[in-house]
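Here's the letter readout for the chains.
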Amino acid sequence: QVQLVESGGGLVQTGGSLRLSCAASGDSFAFRSVAWFRQVPGMEREFVGNEDGGISSTYYADSVKGRFTISRDAAKNMVFLQMNTLKPEDTAVYYCAAASIGRGAGDDVGSYAYWGHGTQVTVSS
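Here's what I pulled together on the structure shown here. (Residues numbered from 1 in each chain as written. Predicted model: local features only at pLDDT ≥ 70, side-chain atom pairs only at ≥ 80, totals over all residues. Heavy atoms only, no water.)

### Structural notes on the pattern of salt bridges
1) Next: A full pass over the atoms with the stated rule returns five salt bridges.
2) Next: Between Arg38 and Asp90 there is a salt bridge whose closest N-O contact spans 2.9 Å. In this pair, Arg38 sits in strand β4 (residues 34–39) while Asp90 sits in the loop between β8 (78–83) and β9 (92–98), placing the two residues 52 residues apart along the sequence.
3) Next: Here Arg38 falls in the buried class, since its relative accessible area comes to 6%.
4) Next: In this structure, Lys65 engages Asp62 in a salt bridge whose closest nitrogen and oxygen atoms are separated by 3.1 Å.
5) Next: For Lys65, a relative accessible area of 46% corresponds to the partly exposed category. (Salt bridge = Lys/Arg side-chain N within 4 Å of Asp/Glu carboxyl O. Helix = DSSP H or I, 4+ residues; strand = E, 2+ residues; numbered from the N terminus. Buried < 20%, exposed > 50% of the residue type's maximum accessible area, 1.4 Å probe, protein only.)

And the structure:
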């Protein structure tokens, strides 16, 4: 089992930056693929980016590529989402997710078995 807790959300102006954190507890987290998703009320949860736990490669949605970066501190069981040059359309609840052991990193909700409760990010224009 894995438990995930996000933090670091808040209100920021257009062009600003935020760093989201995801604290994980549970077994073998360092080897699990992880991802960030976001969701706006009334819309489906949207893929932001992922990191494959097996090969430490990252992949991002086109909408955030070049602005967002996922990193991991394996020793502390933490995953981060650095968000730069934020836009109003980045406003959403952001969720951290982790996959089952041995599962590769996907860009769909079904690829991830464990989810945090989310943290709100609001970008003002």
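### Some points on the side chain of Arg38
1) Next: A polar atom in the side chain of Arg38 sits 2.9 Å from the side chain of Asp90.
2) Next: Engagement of the side chain of Arg38 in a polar contact is seen with the side chain of Tyr94, the distance being 2.9 Å.
3) Next: Those residues in contact with Arg38 that lie beyond four places of it in its chain are Glu44, Arg45, Glu46, Val48, Ser63, Val64, Phe68, Glu89, Asp90, Ala92, Val93 and Tyr94. (Polar contact = N/O pair within 3.5 Å; in protein donor to acceptor, adjacent residues only side chain to side chain. Contact = heavy atoms within 4.5 Å.)

### A few points about the sheet that holds β8
In a beta sheet, neighbouring strands are held together by backbone hydrogen bonds and run either parallel or antiparallel to one another.
1) Next: Pairing is antiparallel in the open sheet, where four strands are placed in the order β1-β3-β8-β7. For this open sheet the edge positions go to β1 (2–7) and β7 (68–73), each flanked by a neighbour on one side alone. On average, adjacent strands in this sheet sit at an angle of 20° to one another, irrespective of strand direction.
2) Next: Where β7 and β8 come together, six bridges link them in antiparallel fashion. Following the sheet pairing, Arg72 is matched in β8 by Val79. (Pairing = 2+ DSSP bridges. Axes fitted to C-alpha atoms, helices over the stretch in contact; angles between N-to-C directions.)

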